[in-house]
Amino acid sequence: MYGLTMFWDYRVILWHGLLINLLVFVLSSCLGLVVGMLACIGRLSHVRPLRAAAAFYIEVIRSAPELVLLFWIYSVVPVLLSEIAGSRLTFNPILSATLALGLVSSGYFAETFRAGIHAVPAGHVEAAHALGMSTPTILRRIVLPQAIRLMLPELMSQNIGLLKTTTLVSVITVPDIMYQINLIVQQEMRPLPLYTGTAAAFFLLILGLTSLVGRAGTRSREA
Amino acid sequence: MGFWTRTLLADAGPLWNGLYVTLSISVMAFVVAASVGLGICILRGYLPALRPIFAAYIAFCRNTPIFIQLLWVAYAWYDLLGWPKEVFTAAWVALALQSSGYLAETFRAGIDSVPLGHVEAALALGISRLSIWRRIILPQMLLTIAPSLMNQFIVIIKCSTLVSVIAVPDLMFQALRLTGIWGDPVPIMSFVAVIFIAVIMALSALSKHLADLTHARLQS
Amino acid sequence: MSAPAASLSVDTTAPAIRVVGVTKVFGTVPVLRGISFDLERGKVLSIIGASGSGKSTLLRCLNYLERPTSGEIWIDGEQINPAQIARVRAEVGMVFQQFNLWPHMTVAQNVMEALLRVRKLPITEARARAEHYLAKVNMLEAGARYPAKLSGGQQQRVAIARALAMEPQIMLFDEATSSLDPELTSEVLDVMRGLATDGMTMVVVTHEMGFARDVSDRVMFLHQGVIEEDGAPALVFSHPASERCRQFLSKYLG
């Protein structure tokens, strides 16, 4: 029926492709959260050079197109490392994709963390200081619990954005779902049903996730 | 160092052309997306019956990965409609499709940010609906959303790198092609990355500046 | 100076405002329940009442910012026709509680906007007229500034100049001083008092009982969408007929 049965015929490789997307998503999200948190800490630090370096890193990484970073890490970084190491290195495409998307998202995550921490009213911190609490305790007990709740919806939607971005990784030969779809299109010569079906499937997946996050966001604001 | 100089001199032409293609596609996509987005935003108010259709359109644009939209427009639309015939057209159509959904929402937020009282004051003076749109609502809304518009333009430039995949000769395409010719990705890829980062950083600085200006103007 | 504009055929024998059986229902909530009155030319009418009494809604019905659910509004002997409302609105100035100056235009541009778009004056004439009315409210020197840079009292004076520059037959004031700090209300009330002295027909919704008593020719007390009291200020303030009006006034006058 309109060629949509092809999705069933190729279900196994499509499923494997989707798993690769999820793998890249999970790995790069973790990397992005860790690097983003480090960058945020640097950005808020009292040490001036550290603060400047973190600000510069965030600014640059947020200005780099995803695709440029993907190609740069996949093709340039191994060459540079080979020169340092003195022997020829290559990067696995999945590793490159994880690094690139992890760095891209670290820039966004860092800004979200910072905004969340800034959104905690200064008066709450002053009140804790007035009670004699130490700065780490204030951070752990007063600032972070509030900040995390404030930034959770934004983090969720950024993660959904990251999941959308994982569809780019086929350009550096990661065998993800788009890679498989493109192969099937070449084999079957039927772009209309294949691309339309893929667009519809992703639309429903992302829309579902977005509305889930939206509902969770409303609930956390009401709480 | 010699490597770099050689790259810059020998390949300045193609890279320059590539940047030109990147920017033309982005500007084209932005203008179309802004027009469609504004049209949807205004029509939605006047045609309540069509609201579900507009909502579905916006949801589709925003919730589908741009790479799929690009391939869908370039190959599936072509298969069905025989259009767009040129990859250049497919490129800006796909980018505009994605952004029109985001911009429709941006415009809506902009209109909502104009206080009803400002419209009532104009009505009370006998100013016509059309003049109110043109002179009171649009200018205020544009001031408010100027930074968001600029950010969407930046998003379009970033996404435009994808069009190299459907063989549009943009800056990214030239970088990949020259990498193949030189057999060495380091200078070309790094140089192109620097160009993109510089262009986008300049635009976001401009966007921040705009936001400060508007904030000073509209705060009350 | 303020020659009556030619666009409205003014019937000088008719009352400035005639309200006949006006009702207004928001959803299922009746806000105005059969309001009728005439206001003569050159008189100042103050409408007082608790919040929720319908006094602002009544004022907004007079220039159809709020469309009455039923009833008629006549301005200068002409019944309001919703299709041609802009023509009437140009003759009826309105001043809002929140000033509603347009923040993207300078003070002078705010005043000139309707002169250019509605009156279609040439720009030099519009500028001259804007300056005249800005001078009248003591805001001439602020012409090139943006509203955000002005105090609330200054913004409200500019808003009054914006309405006056149209040289309207009638001025409506919707709690014009309610969002101002106490020390800024007097500068606005002074301007309003000056207008009353010049013989402008005014309808003033206000919480300023002093102004209502001293400046107006007539005071109307509204309660739950009905006129409970209507008469000369001396009468309404010293011998209110209704118990509710007495209670309301005792809260304000102590």
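Residues numbered from 1 in each chain as written. Chains lettered and ligands numbered in written order. Predicted model: local features only at pLDDT ≥ 70, side-chain atom pairs only at ≥ 80, totals over all residues. Heavy atoms only, no water.

Side note on the overall build of chain C
Where we set the bar: A run of H or I in DSSP counts as a helix once it spans at least four residues, and a run of E counts as a strand once it spans at least two, with each numbered from the N terminus. Atoms considered for the radius of gyration are the C-alpha atoms alone. The globule rule reads 2.2 Å times the number of residues to the power 0.38. Exposure categories follow from relative accessible area, calculated using a 1.4 Å probe and restricted to protein chains: below 20% of the type maximum is buried, above 50% is exposed, and the middle band is partly exposed. We call two residues in contact when some of their heavy atoms are within 4.5 Å. Each accessible area value is a Shrake-Rupley result obtained with a 1.4 Å probe; residue values ignore everything except the protein chains displayed when judging cover.
Broken down by element type, chain C carries nine helices and ten strands. The C-alpha radius of gyration of chain C comes to 18 Å, within 12% of the 18 Å expected for a compact globule of 254 residues. The dimensions of chain C, computed from C-alpha atoms along their principal axes, are 55 × 40 × 35 Å. The buried share of chain C, reckoned over its 254 residues, is 55%. In chain C, 68% of the contacts between residues at least 6 apart in sequence involve partners at least 24 apart. Roughly 10600 Å² of accessible area belongs to chain C as shown, and the carbon and sulfur atoms make up 50% of that amount.

Focus on a nonpolar patch on the surface
Test applied: Grouping into patches uses exposed residues only, defined as over 30% relative accessible area, and leaves out salt-bridged ones; the cut-off is 9 Å for like charges and 5 Å for nonpolar side chains (Val, Leu, Ile, Met, Phe, Trp, Tyr). Any carboxyl oxygen of Asp or Glu within 4 Å of a side-chain nitrogen of Lys or Arg constitutes a salt bridge here.
A cluster of nonpolar side chains, contributed by Leu43(B), Tyr46(B), Leu47(B), Leu50(B) and Ile53(B), occupies part of the molecular surface with about 470 Å² of accessible area. Relative to the elements of secondary structure, Leu43(B) occurs in helix α2 (residues 12-46).

Considering the packing of aromatic side chains
Our working rule: Whether two aromatic rings pair depends on their centres lying within 6.5 Å, for rings of Phe, Tyr and Trp, where Trp uses its six-membered ring; planes under 30 degrees apart make the pair stacked, over 60 edge-to-face, and the rest tilted.
In this structure the tally under the stated criterion is eight aromatic pairs over all chains. The interplanar angle of 70 degrees and the centroid separation of 5.4 Å between the aromatic rings of Phe30(B) and Phe153(B) together place this pair among those described as edge-to-face. Of this pair, Phe30(B) sits in helix α2 while Phe153(B) sits in helix α7 (residues 129-160), and the two are 123 residues apart along the sequence. Both residues of the pair, Phe30(B) and Phe153(B), count as buried. Ring plane angle 45 degrees and centroid distance 5.3 Å describe the contact between Phe221(C) and Phe248(C), whose orientation is recorded as tilted.

Description of the interface of chain C and chain B
The cut-off we apply is this: Note: buried area is the sum, over both parts, of the accessible area (probe 1.4 Å) each one loses when the two are combined. As used in this structure description, the phrase polar contact means that two N or O atoms lie within 3.5 Å; if the pair is within protein, one of them must be able to donate a hydrogen and the other to accept it, and residues adjacent in sequence are counted only when both atoms belong to side chains.
At the interface, 25 residues of chain C touch 22 residues of chain B. Contact between chain C and chain B buries roughly 2100 Å² in total, counting both sides, with carbon and sulfur atoms accounting for 61%. When residues of chain C are sorted by the area they lose upon contact with chain B, Trp102(C), His104(C) and Arg117(C) head the list and together hold 28% of the total. Its salt-bridge partner being Arg135(B), residue Glu113(C) comes within 2.6 Å of it at the nearest N-O pair. Between the two partners, chain C and chain B, sit six residue pairs in polar contact (both at pLDDT 80 or more). Residue assignment for the side of chain C that touches chain B shows that the elements contributing at least two residues are α2 (85-89), β6 (92-95), α3 (107-117) and α5 (152-164) of chain C.

Quick word on the interface of chain B and chain A
Formally: Gly is put with the polar residues, along with every residue not named as nonpolar or charged; the nonpolar set is Ala, Val, Leu, Ile, Met, Phe, Trp, Tyr, Cys and Pro, and the charged set is Asp, Glu, Lys and Arg.
Every contact between the two is made by 33 residues of chain B and, on the other side, 34 residues of chain A. Together, the buried faces of chain B and chain A total about 3000 Å²; carbon and sulfur atoms form 77% of this surface. Inspection of the region where chain B meets chain A yields one salt bridge. The salt bridge involving Lys208(B) is made with Glu59(A); its shortest N-O contact spans 3.8 Å. Breaking the side of chain B that touches chain A down by element, the ones donating at least two residues are α3 (51-63), α4 (66-81), α8 (171-182) and α9 (185-218) of chain B. Among the elements that line the side of chain B that touches chain A, the one with the most residues is α9(B), at eleven residues. Class assignment for the residues of the side of chain B that touches chain A results in 23 nonpolar, six polar and four charged.

Let's talk about the sheet that holds strand β8 (residues 201-205) of chain C
Residues and elements named next belong to chain C. To keep things clear, this is the line we draw: A pair of strands is considered paired only if DSSP assigns at least 2 bridges between the two. Here the axes come from fitting lines to C-alpha atoms, over the contacting stretch only for helices, and the angles between their N-to-C directions go from 0 to 180 degrees.
Ordered in space as β6-β7-β8-β3-β9-β10, the six strands form an open sheet in which the pairing is mixed. Because the sheet does not close on itself, it has two edges, and the strands there are β6 and β10 (226-231). This sheet shows a mean twist of 15 degrees between the axes of neighbouring strands, independent of strand direction. Pairing geometry for β6 and strand β7 (residues 170-174), over four bridges, is parallel. For Val 92, the partnering residue across the bridge sits in β7 and is Ile 170. Strand contacts of helix α6 (residues 182-197): β3 (44-48), β7 and β8, with the helix running at about 145 degrees to β8, the strand carrying the most contacts.

Digging into the arrangement of the chains
Where two pairs of chains are in contact, the pair with the most contacts is made of chains A and B. In this view chain A stays clear of chain C, with the nearest C-alpha atoms of the two still 26 Å from each other.

Let's talk about helix α7 (residues 135-165) of chain A
Residues and elements named next belong to chain A. So the rule is basically this: A helix is expected to span 1.5 Å multiplied by its residue count minus one. The angle between axes fitted to the seven residues ending at a residue and the seven residues starting there is what we call the bend at that residue.
With 31 residues, α7 extends only 38 Å from end C-alpha to end C-alpha; this falls clearly short of the ideal 45 Å at 1.5 Å per step. At Val 143, α7 is deflected by roughly 45 degrees, the largest bend along its length, and proline Pro 145 occurs up to four residues later in sequence. Every buried residue belonging to α7 is among Ile 138, Val 143, Ala 147, Met 151, Leu 155, Gln 158, Asn 159, Ile 160, Leu 162, Leu 163, Lys 164 and Thr 165, and all of these are buried.

A few points about the environment of Val171(A)
Within the fold, Val171(A) resides in the loop between α7 and α8 (177-188). A relative accessible area of 17% places Val171(A) in the buried class. Each C-alpha atom, one on Val171(A) and one on Ala97(A), is 9.9 Å from the other, the two residues being 74 residues apart in sequence. Every residue in contact with Val171(A), bar those within four places of it in the chain, is listed here: Leu67(A), Leu70(A), Phe71(A), Phe67(B) and Val165(B).

What about the pairing of strand β9 (residues 218-223) of chain C?
Residues and elements named next belong to chain C. Counting buried residues in β9 gives five out of six residues, a clear majority hidden from the surface. Both β3 and β9 contribute to a ladder of four bridges, which runs parallel. Following the sheet pairing, Ser 46 is matched in β9 by Val 219. Across five bridges, β9 lies against β10 in antiparallel orientation. Bridging across to β10, His 223 finds its partner in Val 226. Between β9 and the antiparallel strand that follows it, β10, lie two residues; Gln 224 among them carries a positive phi value of about 50 degrees.

As for the sheet that holds strand β5 (residues 78-79) of chain C
All names here are of chain C. As summarised here, the arrangement of the four strands in space is β2-β1-β4-β5, forming an open sheet in which the pairing is antiparallel. At either margin of the open sheet sits one strand with a lone partner, and together these are β2 (29-39) and β5. One ladder, built from five bridges, connects strand β1 (residues 17-26) with strand β4 (residues 70-75); its direction is antiparallel. Across the sheet, the residue bridging to Val 19 is Ile 73, located in β4. The strands that helix α1 (residues 55-62) touches are β1, β2 and β4; relative to β2, the one it contacts most, it runs at about 60 degrees.

As for the environment of Ala124(B)
Relative to the assigned elements, Ala124(B) resides in helix α6 (residues 116-124). Each residue touching Ala124(B), except ones within four places of it in the same chain, is listed here: Asn63(C), Leu65(C), Arg89(C), Val92(C), Met94(C) and Phe96(C).

Considering the confidence of the model for chain C
All names here are of chain C. Keep this limit in mind: Here pLDDT means the predictor's own confidence in every residue, given as a number from 0 to 100.
Counting all residues, the mean pLDDT for chain C is 91, and 95% of those residues have values of 70 or more. When mean pLDDT is taken per element in chain C, β8 scores highest with 97 and helix α9 (residues 243-253) scores lowest with 88. Below pLDDT 50 for its whole length, residues 1-6 participates in ten contacts with residues either more than four positions away or in separate chains. Both scores are available for the predicted complex, with the pTM at 0.85 and the ipTM at 0.91.

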